[in-house]
Amino acid sequence: MEETKPTNEQIIINDLVQQLQEKETAIIGYRVTITQLKAQIAALQEKDKAVETVEDKKKEETKD
């Protein structure tokens, strides 16, 4: 049996499909990173609120 060689068009299409898959994987990675950063920001904001609350209470106590 004779092995069929892929045409230039098939090679180009396969290369483009592979590039697209790599870019899709990268995008998914970026989305994961963004989600992680959003979670870290939310955690820090909660921390800041807690610190403000303690500081506010101290200020109120000193006023009295």
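Residues numbered from 1 in each chain as written. Predicted model: local features only at pLDDT ≥ 70, side-chain atom pairs only at ≥ 80, totals over all residues. Heavy atoms only, no water.

## With respect to the overall build of the protein chain
Then, in step 1: Broken down by element type, the protein chain carries one helix and zero strands.
Then, in step 2: Radius of gyration (C-alpha) of the protein chain: 28 Å, far over the 11 Å computed for a compact globule of 64 residues.
Then, in step 3: The dimensions of the protein chain, computed from C-alpha atoms along their principal axes, are 95 × 20 × 5 Å.
Then, in step 4: Out of the 64 residues belonging to the protein chain, those deemed buried represent 0%.
Then, in step 5: Surface exposure of the protein chain reaches about 6700 Å², of which carbon and sulfur atoms provide 56%.
Then, in step 6: Each charge class in the protein chain can be summarised by its mean position, and for the 10 positive and 14 negative side chains these summaries are 7 Å apart. (Helix = DSSP H or I, 4+ residues; strand = E, 2+ residues; numbered from the N terminus. Rg over C-alpha atoms; globule rule 2.2 N^0.38 Å. Buried < 20%, exposed > 50% of the residue type's maximum accessible area, 1.4 Å probe, protein only. Areas by Shrake-Rupley, 256 points an atom, 1.4 Å probe, with all protein chains shown as cover. Lys, Arg positive; Asp, Glu negative; His and termini not counted. Charge placed at Lys NZ, Arg CZ, Asp CG, Glu CD.)

## Quick word on a negative patch on the surface
Then, in step 1: A cluster of acidic residues, E55, D56, E60 and E61, forms a negative patch on the protein surface.
Then, in step 2: Relative to the helices and strands, E61 resides in helix α1 (residues 8–63). (Patch = residues over 30% accessible without salt bridge, like charges linked within 9 Å, V, L, I, M, F, W, Y side chains within 5 Å. Salt bridge = Lys/Arg side-chain N within 4 Å of Asp/Glu carboxyl O.)

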